[in-house]
Amino acid sequence: MITKTTTPKIVLIQRFFFLIIFFLTPFLVPVHASAQSHPEPGLPFISTYASKISIAPRHVWSVIQTGRGTMCFVATSGLTELDEETWTQNYWYATWQAFVIYLIILVFLMFLINMFQKRQLLAKVHEENREKELKQAREIQKAHENLKTMQEQLIQQEKLASLGQLTAGIAHEIKNPLNFVNNFSELSLEYIEEIYEEMTKLEQSEITEDIRALLEDVKYNLQKILQHGSRADGIVKSMLMHSRGGKGIMELTDLNELVKEYVNLAFHGMRANKNPINVDIQLQLDEKLPKVNLNPEDFSRVILNLCKNAFDAMRDKTIDNTTGYLPRLIVSTREMGDKIFLEVEDNGPGISEENRGKLLMPFFTTKKGTEGTGLGLSITHDIVKAHEGTLEINSEVGNFTRFSITLMNTQNKD
Amino acid sequence: MKFLVVDDEKDVELLFQQKLRKEIRNGSIELKFAFSGNEALEIMEKSESEEVMYIFSDINMPGMTGLELLDKLKAKFPQIPVSMISAYGDAENYEKAIELGAKEFFVKPINFENLKVELNKIIEDKEPKKE
């Protein structure tokens, strides 16, 4: 666009200079040169005509010359024949040599201007090109960054996938030794009970008392072995669930019913376990919610996991906080366009920004000691992803944590 | 009544013998052990084969896997029920085992309560015939 408009500019300027030459050269011809008798025909007429209209005849001549479009030095060259010596002395600037020099200077000037303009144009084009290149470079950089993050995500996924396979393998291999640990400890506990029975047949003495006390310790230790073996078994089972997946069938499900059932189950499970807490549970269910295409078996685990996490978090807050804190869990469902929302919100201690990023990573847990396997949310995330949904975490430290699951509204699609 | 347990882990023998000590003591069952598929086949092909009434086999074993063993046992001794015991409790293994004719499928860690229920069922089924 710009190069199209600038090229004629040069041409215009060149034309302008040519015009100037045409107009200027006649004026350089001396007045009396034209007034004198001249071999060129028409000149005497010009001089008489010029005197009649009382202007210098050179002007008239110049008008004619310009009209003819011929270079005036042709005329002057004719003049030099008359009185060459004096003429060249007085009017050296109007000799043909002088005009040649003028021409050369003019051509040179034009050349310079042309050069200058070319250079400017080039500079402009360069600038534009550079800007374009910069823009492209920025775009390329952006694309590169996008690619990099995608690559990182892919690597992460790949790592998780291979980790999944690895854990499945490890889980099975661990199951075998665990089988022995659990069964032998259970067996030994049975033996100790039998020893107790046999000991009642013995005469009671201090020694039997000592033995009984020692056996009590052994029994306690065996119970611990069994307890932790069972715990390990639980972890292995979760790991297998993690890597297995794809079990169960997707079917149109009443999400509200599923939520009611499993929130209730989670609550009673928590009440039946250690350190139960009182929780105000509020179900805000969209009664017009259409049936959702999901795997009820897997999805029930999502609800259970999210509720369990909320209860655990709020329990921590009840321990830390004594000023009339009432744990509250809000579970809501909502239909919005082609999306279905499920939200689980607690008013627990919240999650720090630092931890929020790691929350979905396998084996990441904030739960103390032996309470958490660090797999719950990771599995939850996997299940939501398998449903082509998204899991979003909003939290404010000290105030609330909200898990929002977005699912596709399949009913709306049909 | 004789049972054959096939597992590549030797501790399984100890575990079964202790877990089922009461049943062994009162003579209602007798346990035999094989530590590989080949060994199990050898035992079965000897004269003892008539006495073995029930086989428990692990799946994941070096050499012959439990599923291969199951296939061979079913071809040679179709009358003897075989149950699988495996750490791999996934659908694929389960379906394959049942397809090949396994009677039951137990998942490790072995729940001996369930195992005893199965044993008693077998004993009750067989004993009237013996008498």
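Residues numbered from 1 in each chain as written. Chains lettered and ligands numbered in written order. Predicted model: local features only at pLDDT ≥ 70, side-chain atom pairs only at ≥ 80, totals over all residues. Heavy atoms only, no water.

Q: Account for the overall build of chain A, with residues named and values stated.
A: Of the regular secondary structure elements, chain A holds 13 helices and seven strands. Scored against the burial criterion, the 414 residues of chain A give a buried share of 34%. Taken as a whole, chain A presents about 26,100 Å² of accessible surface, with 59% of it coming from carbon and sulfur. (Helix = DSSP H or I, 4+ residues; strand = E, 2+ residues; numbered from the N terminus. Buried < 20%, exposed > 50% of the residue type's maximum accessible area, 1.4 Å probe, protein only. Areas by Shrake-Rupley, 256 points an atom, 1.4 Å probe, with all protein chains shown as cover.)

Q: Quick one: what's the story with the pattern of salt bridges, residue by residue and with numbers?
A: Side-chain pairs of opposite charge can arise where the charged atoms are in close proximity. Evaluated as defined, the whole model comprises 18 salt bridges over all chains. Between A:Lys308 and A:Asp312 there is a salt bridge; the shortest N-O distance is 3.4 Å. Of this pair, A:Lys308 and A:Asp312 both sit in helix H10 (residues 296–320), four residues apart, roughly one helical turn. Classification of A:Lys308 as partly exposed rests on a relative accessible area of 44%. Between B:Glu118 and B:Lys103 there is a salt bridge, with the nearest N and O atoms lying 3.1 Å from each other. (Salt bridge = Lys/Arg side-chain N within 4 Å of Asp/Glu carboxyl O.)

Q: An account of the pairing of strand S4 (residues 82–86) of chain B is requested, with residue identities and associated values reported.
A: The side chains of a regular strand alternate, residue by residue, between the two faces of the sheet. All names here are of chain B. Burial within S4 is extensive, with five of its five residues counted as buried. Side chains Val 82, Met 84 and Ser 86 project from S4 onto one buried face, and the interleaved Ser 83 and Ile 85 project onto a second face that is buried too. Once the chain exits S4 it traverses helix H5 (residues 91–99) before rejoining the sheet at strand S5 (residues 105–107), and the crossover so formed is right-handed. (Right-handed = clockwise from strand over helix to strand, strands pointing away.)

Q: Before we move on, can you summarise the interface of chain B and chain A with the specific residues and values?
A: Counting from both sides, the interface comprises 20 residues of chain B and, opposite them, 17 residues of chain A. Taken together, both faces of the contact between chain B and chain A bury some 1,700 Å²; the carbon and sulfur share is 53%. Considering only the side of chain B, the residues that lose the most area to chain A are B:Lys19, B:Arg21 and B:Pro109, jointly responsible for 30% of the buried surface there. On inspection of chain B and its partner chain A, the count reaches four salt bridges. The partner of B:Lys19 in a salt bridge is A:Glu190, with the nearest N and O atoms 3.8 Å apart. (Contact = heavy atoms within 4.5 Å. Buried area = accessible area lost by both parts, 1.4 Å probe.)

Q: So what's going on with the nonpolar core? Residues and values would help.
A: By size, the foremost hydrophobic cluster in this structure holds 42 residues, and its most contacted members are A:Leu255, A:Phe299, A:Ile303, A:Phe311, A:Leu329 and A:Ile405. Mapped onto this core, the elements with two or more residues apiece are helix H9 (255–272), strand S3 (292–294), H10, strand S4 (328–336), strand S5 (339–346), helix H12 (376–386), strand S6 (390–396) and strand S7 (400–408) of chain A. Excluding residues that lie within four positions of it along the chain, A:Leu329 makes contacts with A:Val263, A:Val279, A:Asp280, A:Ile281, A:Gln282, A:Cys307, A:Ala310, A:Phe311, A:Met314, A:Val344, A:Glu345 and A:Asp346. In this structure, B:Met1, B:Phe112, B:Leu115 and B:Ile123 belong to the second largest nonpolar core, which totals 24 residues. (Core = buried A, V, L, I, M, F, W, Y, C linked by side-chain atoms within 4.5 Å.)

Q: Tell me about the environment of A:Val263, and name the residues and values.
A: All names here are of chain A. Relative to the helices and strands, Val 263 is located in helix H9. When the C-alpha positions of Val 263 and Leu 283 are compared, they lie 9.0 Å apart, and in sequence the two are 20 residues distant. In this structure, Val 263 is in contact with Ile 281, Leu 283, Ile 303, Cys 307, Leu 329 and Val 331, ignoring residues within four places of it in sequence.

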